[in-house]
Amino acid sequence: MSACPDNRCDGSGFVFDDDRRRARPCSCRPARMARKRAAAVAGRLPKRFQGVSFDREPVASMNDAIIREVRTYVRGIDARLDEGRGIWFVGDVGTGKTTLAMLISKAAMEADRTVAIYSLPRLLALLRETYDDDSEFSLNDLIDRLCSVDLLHIDDVGAEQSSAWVLEQLYTIVNTRYEDGRALVLTTNLDEDALVTQIGKRTVSRIYEICGKPWPLRGGDHRVQHPMPVDGPMAEDDDMLWEGAAPSRYGRPLD
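Residues numbered from 1 in each chain as written. Predicted model: local features only at pLDDT ≥ 70, side-chain atom pairs only at ≥ 80, totals over all residues. Heavy atoms only, no water.

1. A few points about the packing of aromatic side chains
Okay, step 1: Scanning the entire structure with this criterion turns up two aromatic pairs.
Okay, step 2: Arranged with centres 5.3 Å apart and planes meeting at 85 degrees, the rings of Trp88 and Tyr208 form a pair that is edge-to-face. Of the two residues, Trp88 sits in strand β3 (residues 87-91) while Tyr208 sits in helix α9 (residues 201-211), which places them 120 residues apart along the sequence.
Okay, step 3: With relative accessibility at 4%, the residue Trp88 sits in the buried group.
Okay, step 4: The partly exposed category is assigned to Tyr208, whose relative accessible area is 25%.
Okay, step 5: The residue whose ring lies beneath Arg71 is Phe54, and the NZ or CZ to ring-centre distance is 4.2 Å.
Okay, step 6: Positioned above the aromatic ring of Tyr171, the side-chain terminus of Arg202 is 3.8 Å from the ring centre. (Phe/Tyr/Trp six-rings, centres within 6.5 Å; stacked < 30°, edge-to-face > 60°. Helix = DSSP H or I, 4+ residues; strand = E, 2+ residues; numbered from the N terminus. Buried < 20%, exposed > 50% of the residue type's maximum accessible area, 1.4 Å probe, protein only. Lys NZ or Arg CZ within 6 Å of the ring centre and 35° of its normal.)

Below you can see the structure in the form of structure tokens.
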């Protein structure tokens, strides 16, 4: 049980009135509840990216200007997250978008901030699963939890086939985080025009508000040129990959 930041309760989130024999919510309780909601979707870095660093390939061979920007973001990670300022990367397959995004998510985790990491296909699959009879969460509850983490990392934006439902859920998540001043880190293979066609102008507009202009990554496929080393055995049933899914479809199961 963590200590009360306001020094009013015993860490439970409630202040007990001995005279009235009643407990009332402490001033720290709203923040505690927000952290609890965020913890339900916060996860670890996928195993393949746990050893990612600025000194290892493929990052060591990437564009200097982009690496400087990522270093600046990482050095000021607390301030960036507190300000709700995100960052995003665009480029072809294998140009290092996900690796740079994982560097930022790793830095946020090391700063003890809550982070949720999903590919867009997996994230949408989780949202669809809320309609199942045995689902633990409602759609609104899951979206609320996704919007409570300090940093939401979405990979492969635009990789999902568009539908009215997909567009609405994605906009709801992005717009809620925009309104709440919470950061995003995103990757996409699509240029701006194609992204607008795929996920809608209003969602792209909100992404620009949160993240600014995307950082373009060009060049060959780093996965071929600089295969990423894996720290430890990489099993087919890696617990950070979903059974039967492509490697990009990661995301931590809800507890």
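2. A look at the packing of helix α2 (residues 64-75) against helix α4 (residues 97-110)
Okay, step 1: Between α2 and α4, the shortest axis-to-axis distance is 10 Å and the interhelical angle comes to 15 degrees. Relative to α4, the element α2 is oriented roughly parallel. Taken as a pair, α2 and α4 cross one another with a handedness that is right-handed. Contact with α2, carried on its side by Ile66, Ile67, Val70, Tyr73 and Val74, involves Leu100, Leu103, Ile104 and Ala107 of α4 and no other residues of that element.
Okay, step 2: Grouping the constituent residues of the contact of α2 with α4 by class yields nine nonpolar, no polar and no charged. (Axes fitted to C-alpha atoms, helices over the stretch in contact; angles between N-to-C directions. Parallel < 35°, antiparallel > 145°, perpendicular 65-115°, else oblique. Left-handed = near helix turned anticlockwise from the far one by under 90°. Contact = heavy atoms within 4.5 Å. Nonpolar A, V, L, I, M, F, W, Y, C, P; charged D, E, K, R; others polar.)

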